[in-house]
2 protein chains.
Amino acid sequence: MTKLPKPTEGELAILQVLWQRGPSTVRQVHESLDAARATGYTTTLKLMQIMAEKGLVARDQSSRTHLYSARLPQAQTQRQFVTDMIAKVFGGSSAQLVMQALSTHTASKEELAEIRQLIEQKKEEKKR
Amino acid sequence: MTKLPKPTEGELAILQVLWQRGPSTVRQVHESLDAARATGYTTTLKLMQIMAEKGLVARDQSSRTHLYSARLPQAQTQRQFVTDMIAKVFGGSSAQLVMQALSTHTASKEELAEIRQLIEQKKEEKKR
DNA sequence: AGCTGTCAACGAAAACATTCGTAGGTCAAT
DNA sequence: ATTGACCTACGAATGTTTTCGTTGACAGCT
């Protein structure tokens, strides 16, 4: 298993769509992106072709309009970015990242409860 | 007030040093970086000059060896990156980012307590 | 058969980021 | 006054990412 490269910004935007929609054609992706990125169709196509080369996406060529799907699980990519960011922006402190995220971006009551539960669990683990 | 551009990777590494050390010369920054980045002195210099142009750092030219300092508070930059990342990698869900960070990167007991406290506070706010 | 709209492929330009060599200035010690 | 160490400035090469124009193929319609 060759390690896949870290997606660039543009690639990330595409992955986001693929994760959300599941396997999609270039046109579908391009249209989903349209709001966020003002860019031509061939740009999206090219990017997706490059991603296929890199192995970031799988491509089904059986019909004329190819079907692309993400090869990386979303969670794994998220982990990669979080790790990177903790090192590069938070000087290694994951707690600082969490605090920053929590204090500026409010979560719902349910989410807060979920997070709290995770913390309790972590604390239990510490005791042992 | 002109909005400052998002720092690139290399710039971030330099900012990191400036935040930690306070105002520093190019040499000091370069030496601090040395472990992490295998790059020549003039590369660091150039990067810092560019950052000065962009407004990311302030430069005191009064003595021959210039003194550079970060113009952005660390917390503000962290906020910028977190916000960006929530949008681009977590599809807008801050809670997911927090969960991801907490579950893969363990924090100390004290930090966990601190985070928990912040959550309790948030929950109180929700009630009102 | 000829037209039209849609597609993938490709190549090249443009934009951006990183790297370093070289030159010229200043300062202090010899 | 010359040398050597150290500094900034500048310009150019390299590398990476993004962008798009053009081409040729295919499919459906008239």
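Below: a short report on this structure.

So, how was this worked out
Residues numbered from 1 in each chain as written. Chains lettered and ligands numbered in written order. Predicted model: local features only at pLDDT ≥ 70, side-chain atom pairs only at ≥ 80, totals over all residues. Heavy atoms only, no water. Contact = heavy atoms within 4.5 Å. Buried area = accessible area lost by both parts, 1.4 Å probe. Salt bridge = Lys/Arg side-chain N within 4 Å of Asp/Glu carboxyl O. Polar contact = N/O pair within 3.5 Å; in protein donor to acceptor, adjacent residues only side chain to side chain. Helix = DSSP H or I, 4+ residues; strand = E, 2+ residues; numbered from the N terminus. Nonpolar A, V, L, I, M, F, W, Y, C, P; charged D, E, K, R; others polar. Near = heavy atom within 4 Å. Least-squares fit on C-alpha atoms with pLDDT ≥ 70 in both. Buried < 20%, exposed > 50% of the residue type's maximum accessible area, 1.4 Å probe, protein only.

When the parts of a complex come together, some accessible area is lost, and that lost area is often used as the size of the interface. Tallying the contact residues gives 48 residues for chain B and 48 residues for chain A. Summed over both partners, the interface of chain B with chain A comes to about 4700 Å²; 68% of that surface belongs to carbon and sulfur atoms. Between Glu-120 of chain A and Arg-116 of chain B there is a salt bridge whose closest N-O contact spans 2.8 Å. At the junction of chain B with chain A, the criterion picks out 16 residue pairs in polar contact (both at pLDDT 80 or more). For the side of chain B that touches chain A, the elements supplying multiple residues, two or more each, are α1 (9–21), α4 (74–89), α5 (94–104) and α6 (109–127) of chain B. Grouping the amino acids of the side of chain B that touches chain A by side-chain chemistry returns 21 nonpolar, 14 polar and 13 charged.

A few words on the protein's contact with DNA strand C. Among the 23 residues in the neighbourhood of DNA strand C, the closest are listed as Arg-27, Tyr-41, Arg-59 and Arg-64 of chain A together with Gly-40 of chain B. Taking all atoms of DNA strand C within 4 Å of the protein, the share assigned to sugar and phosphate is 60%. The backbone of Gly-10 of chain B places a nitrogen or oxygen atom 3.1 Å from a phosphate oxygen of DNA strand C. Between DNA strand C and Gly-40 of chain B there is a distance of 2.7 Å, counted from a phosphate oxygen to a backbone nitrogen or oxygen. When residues of the surface near DNA strand C are traced back to their parent elements, those giving at least two are α2 (26–33) and α3 (41–54) of chain A together with α1 and α3 (41–54) of chain B. If one sorts the elements of the surface near DNA strand C by residue count, α3 of chain A sits on top with five residues. Class assignment of the residues belonging to the surface near DNA strand C gives a composition of four nonpolar, eleven polar and eight charged.

Right, let's talk about the protein's contact with DNA strand D for a bit. In the vicinity of DNA strand D lie 22 residues, with Thr-8 and Gly-40 of chain A together with Arg-27, Tyr-41 and Arg-59 of chain B positioned nearest. Among the atoms of DNA strand D lying within 4 Å of the protein, the sugar-phosphate backbone contributes 59%. A distance of 2.4 Å separates a phosphate oxygen of DNA strand D from a polar atom in the side chain of Arg-27 of chain B. Within the side chain of Arg-59 of chain B, an N or O atom sits 2.8 Å from a phosphate oxygen of DNA strand D. Counting residues per element, the ones that place at least two in the surface near DNA strand D are α1 (9–21) and α3 of chain A together with α3 of chain B. Considering each element in turn, the surface near DNA strand D owes the most residues, five residues, to α3 of chain B. The residue makeup of the surface near DNA strand D, split by class, is three nonpolar, eleven polar and eight charged.

Quick look at the relation of the copies chain B and chain A now. Note on the copies: chain B fits chain A at an RMSD of 0.3 Å, the axial shift is 0.0 Å, and the rotation between them is 178°. Taken together, the rotation and translation relating the two chain copies correspond to the operation of a two-fold axis. Relative to the rotation axis, the C-alpha of Val-98 of chain B is the closest in chain B, positioned 2.8 Å from it. When the interface residues of chain B are mapped onto chain A, 100% of them again fall at the interface, so both copies present the same face.

Moving on to the side chain of His-105 of chain A. You can see His-105 of chain A is positioned in the loop between α5 (94–104) and α6 (109–127). For His-105 of chain A, a relative accessible area of 18% corresponds to the buried category. Setting aside its immediate chain neighbours within four residues, His-105 of chain A contacts Val-82, Thr-83, Ile-86 and Ser-94 of chain B.

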